[in-house]
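Examination of the molecular architecture
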Amino acid sequence: IVFVALLAAWLVRRITRRMQTRMGEESASAVYIGGQVFRYLVVFVGIAIAISALGVDLSALSLFAGALGVGIGLGLQDIVKNFFCGIVLLFDRGIEVGDFIELEDGTNGAVTSIGARATALITNDNVTVLVPNANLLNGKLTNWTRNRATRRIHVPFHVSLGADKELVRRAALEAASAVRFTLPENGRQKSQVWLVAFGDASLRFELVVWPSLEAVKRPGSMMAAYCWALDHALRKHGIEIPVPQ
């Protein structure tokens, strides 16, 4: 009976993965939640039926089970806490499979699975990081792709004090349009150049752009692409980037 229950849970997992692939990213999270909950139910029901099939009277073991439960609870409280935190994460949907999140300590990556004990993230360096579910539920995190929406980013740069501001603006916008994953201007989603501060020997600007959702999931390479394009555009227009004297 236990073997059949484990086999059924494995089959549910395979079917869930196939359904996620076929139904697309929008429905993948709901399919994943349903599959995980059904797997837990199959395993728990299978264990309960197996114990009953052995002829064990569960009511006669209630006192023993209570004492054993206290001992197990003290020893496995972190596991139990992470398990129920995982259930809350599944139904709360603050984070979902496929979201790109950043933890308070700076760790970031795409959510690949929400397990019984930990949530798996895969970084852009293809490193898998396992984060206890309780840490995600009780700690602070940033979900950069919540509801599968992109976000606005700020790329800081500075030029010499005597530079023509309008020329700087034109060069920066040229740099933004040269990057392939910059979204077309649409209402509030448009590229802008802000003069944000005056340095000791420079004017400090920010290039404000809306990149695609896939680019947001690659923050390092995304920022590198914009910095590369900015340097090229500023050099092309003869705008000096000051260096410490």
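Just so we're clear, the structure is a prediction, and the values are computed from it rather than from any experiment.

Here we look at the nonpolar core
Counting residues in hydrophobic clusters, the biggest one holds 26 residues, and the most contacted among them are Phe157, Val159, Leu207, Tyr226 and Ile239. Listing elements by their share of this core, those giving two or more residues are strand 6 (153-160), helix 6 (165-178), strand 8 (202-209) and helix 8 (219-236). Apart from residues lying up to four places away in sequence, Ile239 is in contact with Val159, Ala163, Leu167, Val168, Ala171 and Leu234. Ranked by size, the runner-up nonpolar core spans 13 residues in total, among them Ile95, Val97, Val111 and Leu136.

A few points about the packing of aromatic side chains
Counted under the stated rule, the structure contains 5 aromatic pairs. Here Phe157 and Phe205 contribute two aromatic rings whose centre-to-centre distance is 5.6 Å and whose plane-to-plane angle is 15°, an arrangement assigned as stacked. On the criterion of sequence distance, the pair formed by Phe157 in strand 6 and Phe205 in strand 8 is long-range, its members being 48 residues apart. Through a chain of ring-to-ring contacts, the aromatic side chains of Tyr40, Phe44, Phe83 and Phe84 assemble into a single cluster. Directly above the aromatic system of Trp144 lies the positively charged group of Arg151, at a separation of 3.9 Å from the ring centroid.

Some words on helix 4 (residues 77-92)
With 16 residues, helix 4 ought to run about 22 Å at 1.5 Å a step, and its terminal C-alpha atoms sit 22 Å apart, in line with that. Every buried residue of helix 4 is accounted for by Asn82, Phe83, Cys85, Gly86, Leu89 and Leu90. Remark: Arg93 follows helix 4 within two positions and exhibits a positive phi of approximately 65°.

Remarks on the pattern of salt bridges
Summed over the entire model, instances satisfying the criterion amount to 3 salt bridges. Across the salt bridge formed by Lys217 and Glu214, the nearest N and O atoms sit 3.7 Å from each other. Classification of Lys217 by relative accessible area gives buried; the value is 9%. Overall, Glu214 belongs to the partly exposed group, its relative accessible area being 47%. Here Asp231 ties to Arg235 by a salt bridge, and the two come within 2.8 Å at their closest N and O atoms. In this pair, Asp231 and Arg235 both sit in helix 8, 4 residues apart, roughly one turn of the helix. Note on Arg235: relative accessible area 63%, which makes it exposed.

Basis of the calculations
Residues numbered from 1 in each chain as written. Predicted model: local features only at pLDDT ≥ 70, side-chain atom pairs only at ≥ 80, totals over all residues. Heavy atoms only, no water. Core = buried A, V, L, I, M, F, W, Y, C linked by side-chain atoms within 4.5 Å. Buried < 20%, exposed > 50% of the residue type's maximum accessible area, 1.4 Å probe, protein only. Helix = DSSP H or I, 4+ residues; strand = E, 2+ residues; numbered from the N terminus. Contact = heavy atoms within 4.5 Å. Phe/Tyr/Trp six-rings, centres within 6.5 Å; stacked < 30°, edge-to-face > 60°. Lys NZ or Arg CZ within 6 Å of the ring centre and 35° of its normal. Expected span 1.5 Å × (residues − 1). Salt bridge = Lys/Arg side-chain N within 4 Å of Asp/Glu carboxyl O.

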